[in-house]
Amino acid sequence: MKWSEHLVDNGSPFPGLEDLSIWMDKQARACEHLQDNSFSSNETNNGNHDKNDRNRANIPICNTSVFPNWKTIASKYYLELTQHNYITSFWKIDSSGTENENETPLSKDDTRALKILNDTVRHTGERYEIGLLWKEKVNLENNYPVAKAQIQSLEKRLSKDQLLKEMYQKTLDTDIEKGYVKPVIFSSIATSRVWYLPHHPVTNPNKPGKVRRVSNAASVFKGNSLSSNLLTGPDLINNLVGLLLGFRENSVAVSSDIEAMFMQVGIIEKDQPSMRFLWPTNHSVKQFQYTRLIFGARCSPSTAVFVLQKTAADFAPNQTIQNLVKNILYMDDFVHSFETVEIAQEAAV
């Protein structure tokens, strides 16, 4: 018999580990009540009446046969439950990525996100473009005043470091050349969803001479941000443990990645004004907006993987390649192993 079988809580299941301390406090008060009344002669004569009173008050009671040792029993049950949780967690981690997990039904938000993905995706002849995963109720006020103050602060910082300023300007020039961003005049007619993304330069001491422009989609204005108005989208990313196990399965290992994965995905024109940003010049402030999926937005990972899988489904030369894209890629990284060099080369082509 398990220790938990000695304890009674008005017929209810014994609580889990997280509720045990609360239950023990209730049990102590109940036992004090029983100690005062349970073994008196009056309790014997009116047992049914007192029992009903306890039930109506929802007071947990102890099995009288083990009443004096309830603290010991609860402590041993605590140990038993803790050990059970540790063992369960151990086997769950140990088997991760090696067994099929039951698919959970899509949430309401994921269902909405998947509908937006399917309804808005289209191929332009050069690339896929798609809509942002907006929530059902969007509250996105124009944050231009805050964005202007931020860009003025950035301008002061860049004025103190001419080399950084030049390298940062090059990030914009490169993105314009590649079509990732485009200039916008202030008189442009836009939808009500206009949002300006704060941005700043990021350097890496291990990569001297390289600067990245990072946009902050989580920047808050009047209690809202771009990301707070976007859905995360369904989890389409493959299990990392399973991919690493597959990488060690055969003798010929292959790894690769997709260059600027998010920037390969176009955003439909009506959603682009929500990804604007300001840029300082010598005499004025210019305005630009992204035409591609940005890094840092809440919906970007799910959207990018969806478009990648759509690309494979529509353009993969055979089912093998399509399966590799769908089941082996982890975001923009490909890690897999093959039995022979020839099979690996066929997959690479």
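Residues numbered from 1 in each chain as written. Predicted model: local features only at pLDDT ≥ 70, side-chain atom pairs only at ≥ 80, totals over all residues. Heavy atoms only, no water.

Draft legend 1. Focus on the overall build of the chain. Summing up its helical and strand segments, the chain has eleven helices and ten strands in all. Here the chain holds 349 residues, and 36% of them are scored as buried. (Helix = DSSP H or I, 4+ residues; strand = E, 2+ residues; numbered from the N terminus. Buried < 20%, exposed > 50% of the residue type's maximum accessible area, 1.4 Å probe, protein only.)

Draft legend 2. How the structure looks around the nonpolar core. Residues Ile130, Leu132, Leu197, Leu226, Met275, Tyr290 and Ile294 are the most contacted members of the largest nonpolar core, which totals 61 residues. No other element matches helix H9 (residues 300-315), which puts six residues into this core. Once residues lying within four places of it in the same chain are set aside, the contact partners of Tyr290 are Tyr180, Val181, Leu197, Arg213, Ser215, Met263, Gln272, Met275 and Phe277. (Core = buried A, V, L, I, M, F, W, Y, C linked by side-chain atoms within 4.5 Å. Contact = heavy atoms within 4.5 Å.)

Draft legend 3. Local environment of the confidence of the model for the chain. Scored by pLDDT, the chain comes out at a mean of 79, with 72% of its residues at no less than 70. Contacts from residues 1-15, a stretch scored under 50 in pLDDT, to residues over four places away or in other chains number 31 contacts. Scored below 50 in pLDDT, residues 38-68 shows 36 contacts in the model against residues more than four places distant or in partner chains. (pLDDT = per-residue confidence, 0-100.)

Draft legend 4. A look at the packing of aromatic side chains. Applying the stated criterion across every chain yields a total of eight aromatic pairs. Consider the rings of Phe277 and Trp279, whose centres lie 6.4 Å apart with planes at 75 degrees: the pair is edge-to-face. With a relative accessible area of 1%, Phe277 lands in the buried category. Following the ring pairs from residue to residue traces out a cluster consisting of Tyr168, Phe277, Trp279, Phe288 and Tyr290. (Phe/Tyr/Trp six-rings, centres within 6.5 Å; stacked < 30°, edge-to-face > 60°.)

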